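A look at the structure
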Amino acid sequence: MKTPLSQKPGFFAEYYLKLKEEAGAACETDIAKLAACGSDEERVAYVDQLAWVQKGDANLVVNQEFTGKNASLAAEIKERATAAFKGKKWLEAMMLYTRSYVTLPKENVAEIRIVLANRSATLYHMQKYQECLVDIKRALDLGYPKDLIYKLYERQARCYMALKDYPHTIEAFKKCITAMDDSTLTSDKRSKLSLDAMTMIKMLQHDPRTAKQEAKQQKRKVALDVAQPMPLENEFVSPLVRIDQNRQEGRFARASADVKAGEELLVERPFVSVLLEKFAKTHCENCFVRTVVPVACPHCADVIYCSEQCRHEASKKYHKYECGIVPIIWRSGASINNHIALRIFASKPLDYFLKLKPTIDEELKPEELISLPKDDFRRVAQLERHQGERQPSNFFQHVLMARFLTRCLQASGYFGSEPKPDEVKAICSLVLRSLQFIQFNTHEVAELHKFSSTKREKSIFIGGAIYPTLALFNHSCDPGVVRYFRGTTIHINSVRPIEAGLPINENYGPIYTQDERSDRQARLKELYWFECTCDACIDNWPRFEDLPRDVIRFRCDAPNNCAAVIEVPPSCNDFMVKCVTCGEITNILKGLKVMQDTEMMTRTAKRLYETGEYSKALAKFIDLIRIMYDVLAPPFPDFCESQQHLKDCFLNLGNVYTLD
């Protein structure tokens, strides 16, 4: 995003345009004076005192909104869900029950537990037994009516039976029999249900598998009826990665030793992450996992969670200040970058930033920066902002957005009941700083969508996040790594060998196999404000579809470590070829043999990929890359194809959603 003003229509863009219109001739003159401001504090103070900005503030009132909770609307949706259920439209019924549940106000406990129980019934029919168990427990925990509770225990028993968990099946059937004492069932129906339950209990008690399962469950207690969030993965920076710094490249990652293809170099959780509005009702706001049986926020209907644990974490950390504010951010048209800036501050208390602020400009060396605690604001605050290259008009737009986001924090009670003007301005200046570094250091969080009917795959942008260590990696149009996601955790793996001492570069979007050099350079200049000098740009490598198929690019294997490339046509009959750079002779027979061997390996790897054996396919493609890279020099069609297949394998190990 080039400026804080999103391309999406919203009231903030209207406010900005109206503000400039009402300022008239004074607008450009006043904005130009921002060039004299030497710090973000001065920029905020200067804009705050402009009379026409103060007048326009009346058009930017922020109040929390909780319009999503509505008992009447929830009841209407529930009726539609019940009609779908009776029509055996299980998926439609399940989705409607979810909408009804999310819409119900927290005080409507009786309705919430009924809707959750009804949703569990649809999940049972969909054979989503574990999800069904989760909803049954939620309904029970909310005090499901005693005269109906036997139904839940019977459904619970059937789910455990389907999951072949016999000890819990017996336990649930016993509870069902006991609960029937409080039911309004006729004696005949009660007797039949009791007999069926007791028959199942006796049968399972005599099943030898029951005792074995019981012994295992006592040792390893895993609750099937509790929603589990995405497990937190251990963060990891490979010893092969060293963060260096120089005047030309700034801070960047370098290989401290030879890196092999396929090596895991970095596993990092985000400093903060924000889900796109489009996925707010399908994915957990906290961990980005797509969820079938979401948990609702008690106060707003804007977000969902995959589990009670994620809801608790979000509420404790940031949602307590974003609840009721999220719809305002969406309506404003602000980009996800702006929401990320808001979440940085919502995630930590006011005092934390006020205490840290005096030290924020003390420049830290790369090794000092990455050794800070994972949640230390300085890890992101010292990322590249290009503040020296910004025009006054750009600063003005950022200041306006910072003021709006600070007002959102103020409306949520972040500054307490009586905000102190100096504290508000201090946070506003830090929000302004954040908007600047976020512009160049945000990563898109992706989910791989697989279309089973067409076998097509597409990586979809579901949210944004800041990864402080990865943000220090520089760009190349021929990147040495691929990134994929598990929830919001990012994994970085090498896709080719990287020699010790060479940069480990990732990719910011433009890639040589797909885009012309002029297009890549223009896009990087527009979005990231730098001119790329990677090998693909310096030598103007062709796109994949334009790569020559009538030459093979061999590496010179002279003992003098010559780095030249020897281009030979496939029809060449001379195996001993002279290098025009060093004058030494290279035997290309080994390379030709490699070309023959890799054809068979490629077919095997592709077959493994197509059958869903991604780990095995990954190992094959890693071997292919290693063998080819030893004798052949990119860019080369077969090598590019193997690299892309390797990337696809890694993507399939991350966030995946299969569509029929």
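What counts, and at which threshold
- Residues numbered from 1 in each chain as written.
- Predicted model: local features only at pLDDT ≥ 70, side-chain atom pairs only at ≥ 80, totals over all residues.
- Heavy atoms only, no water.
- Axes fitted to C-alpha atoms, helices over the stretch in contact; angles between N-to-C directions.
- Helix = DSSP H or I, 4+ residues; strand = E, 2+ residues; numbered from the N terminus.
- Parallel < 35°, antiparallel > 145°, perpendicular 65-115°, else oblique.
- Left-handed = near helix turned anticlockwise from the far one by under 90°.
- Contact = heavy atoms within 4.5 Å.
- Nonpolar A, V, L, I, M, F, W, Y, C, P; charged D, E, K, R; others polar.
- Core = buried A, V, L, I, M, F, W, Y, C linked by side-chain atoms within 4.5 Å.
- Buried < 20%, exposed > 50% of the residue type's maximum accessible area, 1.4 Å probe, protein only.
- Salt bridge = Lys/Arg side-chain N within 4 Å of Asp/Glu carboxyl O.
- Pairing = 2+ DSSP bridges.
- 1 Å grid on protein atoms, 1.4 Å probe; cavity = no way out; pocket = protein on both sides within 12 Å on 5 of 7 lines; lining within 4 Å.
- Points joined across faces, edges and corners; volume = space filled by probe spheres on them.
- Domains from an automatic or database assignment.

Remarks on the packing of helix α23 (residues 589–610) against helix α24 (residues 614–631)
Describing two packed helices takes the angle between their axes plus the distance from one axis to the other. Viewed as axis vectors pointing N to C, α23 and α24 meet at an angle of 165 degrees, and their least axial separation amounts to 9 Å. Taken as axis vectors, α23 and α24 run roughly antiparallel relative to one another. Pair α23 / α24 crosses with left-handed handedness. Here Lys 590, Gly 591, Val 594, Thr 598, Met 601, Thr 602, Thr 604, Ala 605, Lys 606, Leu 608 and Tyr 609 of α23 come into contact with α24, specifically with Tyr 614, Lys 616, Ala 617, Lys 620, Phe 621, Asp 623, Leu 624, Ile 627, Met 628, Asp 630 and Val 631. Grouping the constituent residues of the contact of α23 with α24 by class yields twelve nonpolar, four polar and six charged.

Observations regarding the nonpolar core
Counting residues in each nonpolar core, the largest one holds 144 residues, and the members touching the most others are Ile 344, Phe 345, Phe 377, Phe 396 and Phe 404. Broken down by element, the residue count for this core peaks at ten residues, all from helix α19 (residues 392–411). Contact partners of Ile 344, with chain neighbours within four places excluded, come to Phe 271, Val 272, Phe 353, Phe 377, Ser 434, Phe 437, Ile 438 and Ile 466. Leu 608, Leu 618, Ile 622 and Val 631 belong to the second-largest nonpolar core, a separate cluster that totals 37 residues.

Digging into the pattern of salt bridges
If you walk through the whole model with that rule in mind, you get 33 salt bridges. Between Arg 331 and Glu 65 there is a salt bridge, with the nearest N and O atoms lying 2.2 Å from each other. Residue Arg 331 is found in helix α14 (residues 326–332), and its partner Glu 65 is found in the loop between α4 (51–56) and α5 (71–86); the two are separated by 266 residues along the sequence. The partly exposed category is assigned to Arg 331, whose relative accessible area is 45%. A salt bridge links Asp 376 to Arg 378, with the shortest nitrogen-to-oxygen separation between them at 2.8 Å. With respect to class, Asp 376 is no different from Arg 378; both count as buried. Taken together, the shared-partner salt bridges in this structure form one network comprising Asp 48, Asp 57, Arg 403 and Arg 407.

With respect to the pairing of strand β2 (residues 241–246)
With six bridges joining them, β2 and strand β3 (residues 250–255) adopt antiparallel strand pairing. Bridge pairing in β3 places Asp 244 opposite Phe 252. Following β2, the chain reverses through three residues before pairing antiparallel with β3.

Some words on the layout of surface pockets
Estimates place the volume of the second largest pocket at around 1,100 Å³. Along the wall of the second largest pocket there are 39 residues; nearest its centre are Met 95, Lys 281, Thr 282, Arg 290 and Thr 291. Where the lining of the second largest pocket is concerned, the elements lending two or more residues are α6 (90–103), α14 and β16 (656–659). If you tally residues by element for the lining of the second largest pocket, the top one is α6, at seven residues. Here the lining of the second largest pocket is built from residues that sort into 20 nonpolar, nine polar and ten charged. Looking at which domains feed residues into the lining of the second largest pocket, each of domain 1 (71–218) and domain 2 (546–658) gives three or more.

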